[in-house]
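A look at the structure
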Amino acid sequence: MNRSIPVNVVLALLPVGIALGAVAFDEPFFVTLATRMAILALAATGLNLALGLGGLVSFGHAAFFGIGGYAAGILATHALYMQPILTWPVEIGGTDSMPAIWLVAVVVAGLVALGTGAISLRTSGVYFIMITLAFAQMIYYFAISWPAYGGEDGLSVPTRAVFPGVNTATPMGFFAVCYGALLVGVTIFAILRASRFGAALQAARQNETRLAAVGIAPFRIKLVAFVLSAMLTAVAGALFADLNRFASPSMMSWQMSGELIVLIILGGTGRLFGPVAGAVLFVLIEHLLGGATERWQLFLGLILLGVVLFARGGMVGLLAGKPRHG
Amino acid sequence: MADPILAIRNLNKSFGALKATDDVSLDLRHGEIHALIGPNGAGKTTLIHQISGSLKPDAGRIEFMGADVTGLSLSQRARSGLGRSFQISSLALEFSALRNVMLAVQSYQGSSFRFFKPVMRDASLIDPAMAVLERVGIADRAHVAASELSHGERRKLEIAIALAMKSRAFLFDEPMAGMGPEGSKQLTTFLDELRGEAPILLVEHDMDAVFALADRISVLVYGRVIASGTVDEIRSDPEVRRAYLGEHAE
Ligand SMILES: Nc1ncnc2c1ncn2[C@@H]1O[C@H](COP(=O)(O)OP(=O)(O)OP(=O)(O)O)[C@@H](O)[C@H]1O
Ligand SMILES: [Mg+2]
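1. Observations concerning the overall build of chain A
Regarding its fold elements, chain A presents 13 helices and two strands. Overall, the C-alpha framework of chain A stretches about 55 × 50 × 40 Å when taken along its three principal axes. For chain A, the proportion of its 326 residues judged to be buried stands at 54%. Relative to all contacts within chain A whose residues are 6 or more apart in sequence, the contacts with residues 24 or more apart total 77%. Carbon and sulfur atoms form 69% of the exposed surface of chain A, whose accessible area is close to 13700 Å². A distance of 23 Å separates the average location of the 16 positive side-chain charges in chain A from that of its 11 negative side-chain charges.

Pasting the structure below:
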C-alpha cells in the first residue's frame, strides 16, 4: 500500500484546517500563520523543482522571492499614486491586480534566472552554491541602494492587491488566494515531475553523464528547470509582500535563501508535499518557540540536525516512506 | 570497400606526462565487430571516452557516418547514433531499469522539452523500452531500481539503453566483465547477432569472447596500436604474444 497518498491529502489540508480552526476559535492571527505557511510552501515548491528534482542547490532563490515582492510593491505604489512606471517608449502604469503583478514577477524573475542560471549552471557542486549566492547578494545590494524604492528601509505596499472575485482585504479571502496559488504550484510541480522534461531533470540529478550518453544535453534541461523554479518562487514573493504589506530587502537576503532550503530539507527533498510539510513545521516552530525564546533558531537547528542524521527523507519520508520511481 | 562508419585518425591524448592515446588510427566498418584489446592501463577506456565525446582529444580527428564529430559533445554524438556502454556502469540509480531505458527512447524520439504528458502513461515510451529489456533478458526486472540490480543485470541494462537509442554504432567497454561464464556465453551470442544491426567497437578482456566474435582485432599497448588484423593474424603475431596475449594465444 502506498502511504504517500493519504499523507499528501493530510498535508494538503493542513493549512486549510489551521485557517478554519483559527476562525472557529476566533484566533485571527492563526489565519495569518496559515497564509504564511502557504506562501513559504509555494516559494519552496519553486525551489524544490531545481533542488529536489534537478539537484541544483540554489543558495540564491531569495533573489527571486524578493523580485516578486518588489514587483508587488512597486506596481502597487505606482497604481496608488497613479504615476506611470515608464513613459517612454510606451506608457506603463502601476497595477493593483494580482494576476498582472504575478505576470510581471514571473517575467522579471524568469529573465534574471535565465541570465544568472546560464552562468551558474556552468559550474556544479559547491561552486554552483556559491555563485548563486553571489548573484543573489548582488541583487540584494542593488535593491538596498535604490532609494526610489525605499533603499534599506524597504517599500511599503499601500494597499493589498486585488484578485477577481475575492475580497483579499479579509484574512480568509487572502488566505484563499494564497492557498489556491499553492495548490496550483504543487500541481505544476507534479505535472512537470511526471513529464519527459521531469524524467530528464531527475536523471540529471542522478547521473549527468548517463543523461548525456542517451543524447540529452543536461545544461539546457537544468537551465529551463532553474527558470521555472525562479518563476514559481517569484509568485510566492509577490504574495509575501501583499501579506506583510511590505517589500523588504530582507526577502532577498541569504538567510531567506537558507530558510527555503531548510524548509525543503525538513519536509522532504524532491517530494511533492515536502515544502508544505516543511513550511507548516517551520512556521509553527517559529511561532511557538519564537514567542517563548529568542533562541528558537537553536531549536530549529537541532530539529534540522535530527532530520539530516536520522530522517534523510524529511517529514514526508518519515510518514510516507521512500518515493517510488515507477 | 565502403567507407567505414567510424574513422579515428591520429588521435592523441596525454594526462600530464602520460601518453594515454598515442597517435591512434582505426576504423569500424559496417557489419563488423572490431575488438580492441590490451593490458590494463593501455588506454582503451580513454579511447572510448574520446570517441564517444566524454573526453576531448589533444589532437586528431573522429569521423562518424562521414561527418567530422570531433567537436561534438557526448550528447550530440549520442543523438547522431553513437551508443556506448561504460566499463563502470553509469545509470540513473534511483530510476527503475525501465525508466533508464525510457530515457533513451525519449531522447531518440526527439525533444525532452515536453512538460505535460506523464511518461508512465505513455505507451510510446514504455512499449519500446520493455521490448529492449525483453531482448537483453531482464524484462522481469523492469521495475527494479537500477541501484538494486546485480552487476550483470546492470551491464545488460547498459546495452539495452544503447539499443533503445537505435544506435548506428556501438562502443562497448568490457561488457562481459564480471558476468560469469554463463553470462559471457549468452552475451557473446547476443553480440554476434547484434553486429547485423550496427557494428560494434568492443573493448574486452575475455579472450574467448574476443576470438569468437571479432572480425578484426586491434591491440593497444601504452596508448599505441601495436597490431591490427584478423583473429588469426593477431593470434600469431609475435609482438602481440609478447606484449599481451601470452597464455591466451594457445
Ligand atoms: N582522467 C585521467 N587523469 C589521469 N590519468 C588518467 C585518467 N584517465 C586514465 N588515466 C590513465 O591513463 C591510462 C589509461 O587508462 P584507461 O582507463 O584508458 O586504461 P584501460 O586500457 O581502459 O585499462 P583497463 O583495462 O584497466 O580498463 C592509465 O594509466 C590511467 O591511469
Ligand atoms: Mg578500461
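Now that the structure is up, let's keep going.
2. Some details on the side chain of Arg-195 of chain B
Residue and element names in this part refer to chain B. By secondary structure assignment, the location of Arg-195 is in the loop between helix H6 (180-194) and strand E8 (200-203). By relative accessible area, Arg-195 is classed as buried at 12%. Engagement of the side chain of Arg-195 in a polar contact is seen with the backbone oxygen of Leu-213, the distance being 2.9 Å. Look past the residues within four positions of Arg-195 in its chain and what remains in contact with it is Gly-31, Glu-32, Ile-33, Ile-200, Leu-213 and Asp-215.

3. Some words on the pairing of strand E1 (residues 6-15) of chain B
Both faces of the sheet carry side chains from a regular strand, because those side chains alternate between them. All names here are of chain B. Pairing geometry for E1 and strand E2 (residues 18-28), over seven bridges, is antiparallel. In the sheet register, Leu-6 faces E2, and the bridge partner there is Leu-28. Direction of pairing for E1 relative to strand E4 (residues 59-64): antiparallel, over a ladder of five bridges. Note that in E4 the partner of Ile-8 across the bridge is Ile-62.

4. Things to note about the domain arrangement of chain B
Residue and element names in this part refer to chain B. Looking at the assigned domains, one finds that chain B contains domain 1 (1-81 + 167-250) and domain 2 (89-166). For domain 1 versus domain 2, the distance between C-alpha centres works out to 25 Å. Listed by partner, the interface residues are 17 residues for domain 1 and 12 residues for domain 2. The largest per-residue losses of area from domain 1 upon contact with domain 2 belong to Ser-167, Met-179 and Phe-190, which jointly make up 39% of the total buried on that side.

5. Some details on the coordination of the magnesium ion (ligand 2)
Each donor-metal-donor angle in an ideal tetrahedron of four donors is 109.5 degrees, and each such angle in an ideal octahedron of six donors is either 90 or 180 degrees. Residue and element names in this part refer to chain B. Surrounding the magnesium ion (ligand 2) are the protein donor atoms Thr-45 (OG1) and Gln-87 (OE1), which sit 1.9 to 2.1 Å from the metal. Taken together, the positions of Thr-45 in helix H1 (residues 44-52) and Gln-87 in the loop between strand E6 (82-84) and helix H3 (97-109) put the pair 42 residues apart, joining distant regions of the chain. Under the relative-accessibility criterion, Gln-87 is labelled partly exposed at 33%.

6. A closer look at the pattern of salt bridges
Residues and elements named next belong to chain B. Under the defined criterion, the tally for this structure stands at 16 salt bridges over all chains. Residues Arg-195 and Asp-192 are paired through a salt bridge, measuring 2.3 Å at the closest nitrogen-oxygen approach. A salt bridge links Arg-195 to Asp-215, with the nearest nitrogen and oxygen atoms 2.9 Å apart. Separated by 20 residues along the polypeptide, Arg-195 in the loop between H6 and E8 and Asp-215 in the loop between helix H7 (207-213) and strand E9 (216-221) bring together distant segments of the chain. For Asp-215, a relative accessible area of 33% puts it in the partly exposed group.

7. Considering helix H12 (residues 296-310) of chain A
Along an α-helix, residues three or four positions apart point the same way, because every turn accommodates 3.6 residues. Residues and elements named next belong to chain A. Its 15 residues place the ends of H12 21 Å apart at the C-alpha level, agreeing with the 21 Å of an ideal helix rising 1.5 Å per residue. Taken residue by residue, H12 has Trp-296, Leu-300 and Val-307 as its buried positions. For H12, the buried positions fall inside an angular range of 45° around the axis, keeping them on one side. Turned more than 90 degrees off the buried face of H12, the exposed positions are Leu-298, Leu-302, Leu-309 and Phe-310. On its buried face, H12 is in contact with helix H10 (254-267), helix H11 (274-292) and helix H13 (314-320).

8. Some thoughts on unusual backbone geometry
Non-glycine residue Asp-26 of chain A carries a positive phi angle of around 55°. Within the element layout of this structure, Asp-26 of chain A appears in the loop between helix H1 (4-24) and helix H2 (28-53). Notably, Met-65 of chain B is not glycine yet its phi reads approximately 50°, a positive angle.

Rules of the game
By convention here, each chain's residues receive numbers from 1 onward along its written sequence. Written order determines the labels here, with chains lettered from A and ligands numbered from 1. Only residues with pLDDT of at least 70 get local features here, since the model is predicted, and only at 80 or more are side-chain atom pairs given and counted; chain-wide, interface and lining totals rely on the full set of residues. Hydrogens and waters are ignored; side-chain quantities use all the structure's heavy atoms. Strands here are runs of E lasting at least two residues and helices are runs of H or I lasting at least four, both read from the DSSP assignment and numbered beginning at the N terminus. For every residue, the accessible area (1.4 Å probe, protein chains only) is compared with the maximum for its type, and the residue is labelled buried under 20%, exposed over 50%, or partly exposed between those bounds. Should any heavy atoms of two residues lie within 4.5 Å, those residues are considered in contact. Per-residue accessibility takes into account occlusion by the displayed protein chains alone, with areas from the Shrake-Rupley method and a 1.4 Å probe. Charge counting follows a simple rule: Lys and Arg are positive, Asp and Glu are negative, and His as well as the terminal groups are ignored. For the purpose of locating charges, the reference atoms are NZ of Lys, CZ of Arg, CG of Asp and CD of Glu. N or O atoms closer than or at 3.5 Å make up a polar contact, with two conditions inside protein: a donor-capable atom paired with an acceptor-capable one, and, for residues adjacent in sequence, both atoms drawn from side chains. Any two strands are treated as partners once DSSP identifies two or more bridges connecting them. An automatic or database domain assignment is the source of the domain bounds shown. Buried area counts how much accessible surface, traced with a 1.4 Å probe, disappears from two parts once they are put together, with both parts' losses summed. Sodium, potassium and calcium take a 3.2 Å donor cutoff, other metals 2.8 Å, and in both cases only N, O and S atoms count; water is not among them, so sites may look incomplete. Any carboxyl oxygen of Asp or Glu that lies within 4 Å of a side-chain nitrogen of Lys or Arg is treated as forming a salt bridge with it. To estimate how far a helix should reach, multiply one less than its number of residues by 1.5 Å. This arc is taken over the directions from the axis of the helix to the C-beta atoms.

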